[in-house]
Amino acid sequence: MPEEIIRSLTVDGLRYGYRLLPRDPAAGGAHVTEPVLVIGGALQGMFGWPQMDDHLGPVADVVTADLPGMGSADPLPPGPSAPVLRAAVTGIIDDLGASRINLFGFSYGAAIAFGCARHAPGRIARLVLGGVPTHIGEDRRIHWRRATQALAEGDAEGFATLAADGLMCLDPERPVHRRELARRYVRRSFLHALAHSEHAADSLRRALGDRPDFSGGLSGVPALVFAGEHDTVTSPELQREFAGTIEGSRFLTLPESDHWVVLERSDEVAALVTRFFTDRPLEPLTARLPHQARAGEAVPPESAPVPPQEPGSYAPR
């Protein structure tokens, strides 16, 4: 496998960087595609996506990033962050020397990715958005305000527990694959970030408190939106309504998962993203997933769930 490359950039005087894993020419195959840039949540920086390397590595250059406010990058300045983050993504595309890229945004990163596609659709070959926080209920916001209050009082343990629980479905009547594994990982990730990054607290407050703009629709970019069937941050029904604002988009849910579907169903998500970015049929993969439909179409009946996979490695960096 080729050696990864770490590149440092600046935008508006802010230092940030990205990691490039070049496609292995020895991989062969007919389904080669444009570079794939992965943007995750506030704690999912450039070293948090090993499953994407495994699945996408044979077909594309894989790019992950510490955008301003994330990981090892400089903190975001006060004020709106969307223009700075869009400019940072454009800087990565330009530094790659690519005319277009495939873009995958998850959770907080979905807002960044969607904003980039709206403002520069000609630079985005295909778009995948997962766990899209389009509408966050007041109950979630109250819960997260309690978490940020705990953080302000110096209670990192209390903050990590409240913040992790607020991003997950803990209803025992709703089965979630790897629920406790994901819960422990998210909680540890919060604590790790707080202990190792000077601006982690501000980044987490932004991620939990921002009201990203998902209005305006999108056309001219092939798009896929997916959600965990028990997502309690924004329900799959509301995410499906959002997908309907993207011309020609595809929407589906993944079973026995919640907002952290990328942890609970990591291999299925990576395989799904790889198929979409290489213009391959999503079936037979989606034939086993409930609720898949073109945005705006009727939802077909549920079918057999995807067989559980063994947990992967998610050690925080």
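Refer to the structure printed above.
The notes below deal with the structure included here. (Residues numbered from 1 in each chain as written. Predicted model: local features only at pLDDT ≥ 70, side-chain atom pairs only at ≥ 80, totals over all residues. Heavy atoms only, no water.)

1. Observations regarding the packing of helix 4 (residues 138-152) against helix 5 (residues 156-166)
And step 1. At their nearest, the axes of helix 4 and helix 5 sit 8 Å apart, and the two run at 165 degrees to each other. Comparing the axis directions of helix 4 and helix 5 gives the class roughly antiparallel. Our pair here, helix 4 against helix 5, has a crossing hand that is left-handed. Side by side, helix 4 and helix 5 meet where Arg140, His143, Trp144, Arg146, Ala147, Thr148, Ala150 and Leu151 of the first sit next to Gly158, Phe159, Leu162, Ala163, Asp165 and Gly166 of the second.
And step 2. Residue classes in the contact of helix 4 with helix 5 are distributed as seven nonpolar, four polar and three charged. (Axes fitted to C-alpha atoms, helices over the stretch in contact; angles between N-to-C directions. Helix = DSSP H or I, 4+ residues; strand = E, 2+ residues; numbered from the N terminus. Parallel < 35°, antiparallel > 145°, perpendicular 65-115°, else oblique. Left-handed = near helix turned anticlockwise from the far one by under 90°. Contact = heavy atoms within 4.5 Å. Nonpolar A, V, L, I, M, F, W, Y, C, P; charged D, E, K, R; others polar.)

2. Things to note about helix 2 (residues 82-96)
And step 1. The terminal C-alpha atoms of helix 2, which comprises 15 residues, lie 21 Å apart, in line with the 21 Å expected from a rise of 1.5 Å per residue.
And step 2. Residues of helix 2 that are buried: Val84, Leu85, Ala88, Val89, Ile92 and Ile93.
And step 3. Among the structural elements, strand 1 (5-11), strand 2 (14-21), strand 3 (36-39), strand 4 (62-66), strand 5 (101-106) and helix 3 (108-119) are those in contact with the buried residues of helix 2. (Expected span 1.5 Å × (residues − 1). Buried < 20%, exposed > 50% of the residue type's maximum accessible area, 1.4 Å probe, protein only.)

3. Thoughts on the pairing of strand 4
And step 1. Burial analysis of strand 4 places five of its five residues in the buried class, which makes it a mostly covered element.
And step 2. Inspection of the sheet shows strand 2 paired to strand 4 by five bridges, in the antiparallel sense. Bridge pairing in strand 4 links Leu21 to Val62.
And step 3. As paired strands, strand 3 and strand 4 are joined by three bridges and run parallel to one another. Within strand 4, the residue paired with Val36 across the bridge is Val62. (Pairing = 2+ DSSP bridges.)

Function cannot be read off these values alone, since they describe shape.
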